[in-house]
Amino acid sequence: MQDWATRYDLFWTARTKVFDEILAEEHSLARVQARFDDYERHHQMKSDGATSFYVEGPPPPDAISTLEINDQLIVAGTSIRAPALLDFRRDRLLARMSKEMDCVIELGAGYGRQIFDMWLAGATKTARYIACDYSRSGLALAARLARLEPELQFETAAFDLRDPVLPNLDAYGNILLFSAATMIYSQPFNTDIFKAIAAIKGSVTCIFFEPFGFQVNASAPHSKAQQLQMLANGWNLDFYEKLTGKGAEYGLEVIAIAQDLIGAVESPVQVLTAFVVSKPGQM
Ligand SMILES: C[S@@+](CC[C@H](N)C(=O)[O-])C[C@H]1O[C@@H](n2cnc3c(N)ncnc32)[C@H](O)[C@@H]1O
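Only a predicted model underlies this, so the values are computations on that prediction, with no experimental measurement involved. (Residues numbered from 1 in each chain as written. Predicted model: local features only at pLDDT ≥ 70, side-chain atom pairs only at ≥ 80, totals over all residues.)

Some words on the pairing of strand β1 (residues 43-47)
For a regular strand, the rule is simple: side chains alternate between the two faces of the sheet.
Right, on to step 1. Looking at chain direction, β1 and strand β2 (residues 52-56) are connected through 5 bridges and run antiparallel. Across the sheet, Gln 44 pairs through a bridge with Val 55, a residue of β2.
Right, on to step 2. Here β1 folds back onto β2 in antiparallel fashion, the turn holding 4 residues, of which Gly 49 has a positive phi close to 100 degrees. (Pairing = 2+ DSSP bridges. Helix = DSSP H or I, 4+ residues; strand = E, 2+ residues; numbered from the N terminus.)

This is the structure we're talking about:
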């Protein structure tokens, strides 16, 4: 079995091929992403060990059928039936959180999708955006897509959660640092990243979107299924314990938790909880 670093490199390489075709026809980042999402709705990523590739999946429902209330979503811890077009606007949340920031940094950014989404949702123009990941093919694609938005001040940085060294952030006073489905790959959780965040000079607001509701409240409706899937995948089980233990010792304060904020019932590993964490600036 390949490690996740190799697997992700192959995933992003396969996605790059799809983007190559779209980029030959489209020049707006918003349209490029929409075309890519359409492609992913009726293709599935497969891997054969040496490579990753897409195979065609079932065709998506026609537009009128998407009006049917047939998706089983989780919203704020509650299961609801909803039309397939309903979306949680994480991009708007991040865009609003960016307003007072001079730097936005994502850990495990892949091809930069969350940063691009928040940018297109109106995130601040004056901040520097840094996409961190250990996958070179993901970051190469991110850098290429960022060129479609000349006003986005964007850079990529090699970063590995297993030995986390952040890029130099000394120039920034207010930093928004976030992750989306990345902390799952650290098991047991490597608290060196909390130490690295605590060592940043400026003040930092973190938001981690991770499938860790079961770690906060084991008896919530989706917790058992989520914990079983995390165990089956060998993914993280102790992020919250470490955040409130070692993280607190380093000076990180949990200021809000939105448990099981958004996700789909059939996939508990995608039911995300948002952890908002604050680290004051050093005077
Ligand atoms: C599920 S993807 C999410 C990508 C992105 N956050 C998003 O939401 O579009 C997880 C990302 O975490 C990265 N990742 C996994 N383990 C990592 C590690 N040890 N260090 C740095 N990045 C890692 C992978 O390369 C991948 O890009």
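Let's talk about the environment of Ala 121
Right, on to step 1. Counting through the fold element by element, Ala 121 comes out in the loop between α4 (113-120) and β6 (128-133).
Right, on to step 2. The class of Ala 121 is partly exposed, set by 16 C-beta atoms lying within 10 Å.
Right, on to step 3. In sequence terms Ala 121 and Arg 96 are 25 residues apart; their C-alpha atoms lie 9.0 Å from each other.
Right, on to step 4. When near neighbours in sequence (up to four residues on either side) are disregarded, Ala 121 contacts Asp 91, Arg 92 and Ala 95. (Buried ≥ 20, exposed ≤ 12 C-beta atoms within 10 Å, placed from the backbone. Contact = placed C-beta atoms within 7 Å.)

Focus on helix α1 (residues 4-23)
Right, on to step 1. End to end, α1 covers 27 Å across 20 residues, agreeing with the expected 28 Å (1.5 Å per residue, within 8%).
Right, on to step 2. For α1, every residue scored as buried is listed here: Tyr 8, Leu 10, Trp 12, Arg 15 and Phe 19.
Right, on to step 3. Contacts from the buried residues of α1 go to α2 (29-41), β1, β2 and α5 (136-146). (Expected span 1.5 Å × (residues − 1).)

Some thoughts on the domain arrangement of the protein
Right, on to step 1. Per the domain assignment, the segments making up the protein are domain 1 (4-56) and domain 2 (90-97 + 160-279).
Right, on to step 2. The C-alpha-based centres of domain 1 and domain 2 are spaced at 26 Å. (Domains from an automatic or database assignment.)

Points about the nonpolar core
Side chains that are nonpolar tend, in soluble globular proteins, to be buried together.
Right, on to step 1. The biggest cluster of nonpolar side chains holds 63 residues, and the ones touching the most others in it are Cys 103, Ile 175 and Leu 177.
Right, on to step 2. Lining this core are residues from two domains, each supplying at least three of them: domain 1 (4-56) and domain 2 (90-97 + 160-279).
Right, on to step 3. Setting aside residues no more than four positions away along its own chain, Ile 175 makes contact with Met 101, Cys 103, Ile 105, Leu 169, Ile 200, Gly 202 and Val 204. (Core = buried A, V, L, I, M, F, W, Y, C linked by C-beta atoms within 7 Å.)

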